[in-house]
Amino acid sequence: GTAIFKLAQELVGQMLDDFMEDLRLKLYLDGVANANDLMGHESWFGNTGSMITNSIAVDPSDTYAGLSTVLGNYGGDWTADSGNGWPTGTGDTEYHAWSPLMVDYTNASWTGTSDTWANSWQEAIRYMVTYQEQLQKSPPDVLLLNGELLRQAKDSLIDIQRLQVTSNSKYASLGTKTLDFEGLEMVAEYGVPDAVAYGLRFDNLELRSMQSSLIEKTTDNDITTSEDLIALDSYLQLVCESPAYQAKLLSIS
C-alpha cells in the first residue's frame, strides 16, 4: 500500500511538472489571433510590418481588450524631433496611450558593420529604455530574451567587456540568474519566441486566476475499471493594464 501511494504521488508530481511546462509557453501566445489561447505577450504586439516614418520604431497595428494600438487612433497630436519620428519629440498622452514601443534591432540606422542583433543590441536596448523612460516615466523591469539572442549578446562582448551576473537580483530567489546591462536585468527563458526580446514592466501586468491556486486537481473513480482518475486545470488570464507600458525588440528590416 505504501509503495502504491508513493507511486501515485510521483505520478501527480510529474503531471504537475508537465502541466507547468505547457502552461508557461502559453504566456507568449496571441490570444487575439486565437480566442482559445491565453492572452499572452503577443496579444498586443501586432504591427504593420513597416517602420514609423523617420523612426527606428515599428508601426503598431493591433487590437487588445477591444481597443486599437494604432498611434493617434484616440486623438492627440505629436511633434517629433527634426528629421525623426515617434517616439522622439513631444505631444499628447492619448496619442500613444494604447501603443506599445517596438524597436527594430536590424534597422540600417544603427551604427556598426552590419545590421544584426550581435552588432546593434546595445543601441537597440538603449533606445527602448530611453523612450520608455520618457513616455512612461519608468524603464522596463527586465528584458526577457530568446536564448539565442542572449547567447549572441554575450559572445559579441568577448575580449571587450562582460555582462555582470546580478546575484543580488530579486529574481535570484526564484532560481533565475540574470545579467546586468547598464542597470537593466536580462534573462533568457525557454519558450520565448524566435528572435525577439520583451521589455516588461511587472506593475502593469497581472496573471489573474479564477481559482484558489494556479493549478487545481480534480480526482474521481471509474467504477467500471476501479481506476483513479486525475484531472488538472487552470482558469487564468494574463492582463496588461495598457500595451503602452510594454516594449519589444524585433527584426523587421
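Refer to the structure printed above.
Quick summary incoming for the structure in this document. Because the structure is predicted, anything quoted here is derived from the model rather than measured.

**Comments concerning the overall build of the protein**
Link 1 in the chain: Along the protein, the regular secondary structure elements total three helices and 17 strands.
Link 2 in the chain: Across the protein, the fraction of contacts at a sequence separation of at least 24, relative to all contacts at a separation of at least 6, is 63%.
Link 3 in the chain: Per element, the accessible surface of the protein, about 13900 Å² overall, is 49% carbon and sulfur.

**Some remarks on empty space enclosed by the protein**
Link 1 in the chain: Scanning the model with the defined rule gives one cavity of 30 Å³ or more in all.
Link 2 in the chain: Empty space within the largest cavity amounts to approximately 30 Å³.
Link 3 in the chain: Residue classes in the lining of the largest cavity are distributed as five nonpolar, five polar and one charged.

**What about helix H2 (residues 117–136)?**
Link 1 in the chain: The axis of H2 is deflected most strongly, by about 25°, at Glu123.
Link 2 in the chain: A positive backbone phi angle near 65° is found at Lys137, which sits one or two residues after H2.

**A word on the packing of aromatic side chains**
Link 1 in the chain: Throughout the structure, instances matching the rule amount to 11 aromatic pairs.
Link 2 in the chain: Aromatic rings pair up to connect Tyr28, Trp44, Phe45, Tyr64, Trp98 and Tyr198 into one cluster.

**Re the nonpolar core**
Link 1 in the chain: Val103, Ile125, Leu143 and Leu249 are the most contacted members of the largest nonpolar core, which has 32 residues in total.
Link 2 in the chain: For this core, the secondary structure elements donating two or more residues are strand S7 (101–104), H2, strand S8 (142–145), helix H3 (147–155), strand S10 (179–181), strand S11 (184–188) and strand S17 (247–250).
Link 3 in the chain: Not counting residues within four places of it along the chain, the set of residues in contact with Ile125 comprises Leu143, Phe181, Leu184, Met186 and Leu249.
Link 4 in the chain: Ranked by size, the runner-up nonpolar core spans 18 residues in total, among them Tyr28, Leu144, Val196 and Leu200.

**Quick look at the side chain of Glu42**
Link 1 in the chain: Within the element layout of this structure, Glu42 appears in the loop between helix H1 (2–25) and strand S1 (47–51).
Link 2 in the chain: On the accessibility criterion, Glu42 (18% relative accessible area) is buried.
Link 3 in the chain: Among all residues touching Glu42, those that are not within four sequence positions of it are Tyr28, Leu29, Asp30, Asp62, Tyr198 and Lys248.

**Comments concerning the pairing of S11**
Link 1 in the chain: Taking burial as the measure, the five residues of S11 include four buried ones, the bulk of the element.
Link 2 in the chain: Strand direction decides the pairing type here: S8 and S11, joined by four bridges, are parallel. By the bridge assignment, Leu145 is partnered in S11 with Ala188.
Link 3 in the chain: Bridge analysis of S10 against S11 gives three bridges, and the strand direction is antiparallel. Across the sheet, the residue bridging to Leu179 is Met186, located in S11.
Link 4 in the chain: The turn joining S10 and S11, which pair antiparallel and follow one another in sequence, is formed by two residues; a positive phi near 50° is taken by Glu182.

**Considering unusual backbone geometry**
Link 1 in the chain: A cis amide bond links Trp86 to the next residue, Pro87, at an omega of 15°.
Link 2 in the chain: Within the secondary structure layout, Pro87 lies in the loop between strand S5 (78–79) and strand S6 (90–91).
Link 3 in the chain: Unusually for a residue other than glycine, Asn54 sits at a positive phi of about 60°.
Link 4 in the chain: Inspection of the secondary structure puts Asn54 in the loop between S1 and strand S2 (58–60).
Link 5 in the chain: Of note, Ala195 is a non-glycine position whose phi angle comes to about 65°, a positive value.
Link 6 in the chain: By the element assignment, Ala195 lies in the loop between S11 and strand S12 (197–200).

**Focus on the environment of Leu149**
Link 1 in the chain: In this structure, Leu149 sits in helix H3.
Link 2 in the chain: Counting along the chain gives 48 residues from Leu149 to Ala197, while the straight-line C-alpha distance between them is 7.9 Å.
Link 3 in the chain: Dropping the residues within four chain positions of it, Leu149 is found in contact with Tyr105, Trp117, Ala195, Val196 and Ala197.

Calculation criteria
- Residues numbered from 1 in each chain as written.
- Predicted model: local features only at pLDDT ≥ 70, side-chain atom pairs only at ≥ 80, totals over all residues.
- Heavy atoms only, no water.
- Helix = DSSP H or I, 4+ residues; strand = E, 2+ residues; numbered from the N terminus.
- Contact = heavy atoms within 4.5 Å.
- Areas by Shrake-Rupley, 256 points an atom, 1.4 Å probe, with all protein chains shown as cover.
- 1 Å grid on protein atoms, 1.4 Å probe; cavity = no way out; pocket = protein on both sides within 12 Å on 5 of 7 lines; lining within 4 Å.
- Points joined across faces, edges and corners; volume = space filled by probe spheres on them.
- Nonpolar A, V, L, I, M, F, W, Y, C, P; charged D, E, K, R; others polar.
- Bend = angle between axes of the 7 residues up to and from the residue.
- Phe/Tyr/Trp six-rings, centres within 6.5 Å; stacked < 30°, edge-to-face > 60°.
- Core = buried A, V, L, I, M, F, W, Y, C linked by side-chain atoms within 4.5 Å.
- Buried < 20%, exposed > 50% of the residue type's maximum accessible area, 1.4 Å probe, protein only.
- Pairing = 2+ DSSP bridges.

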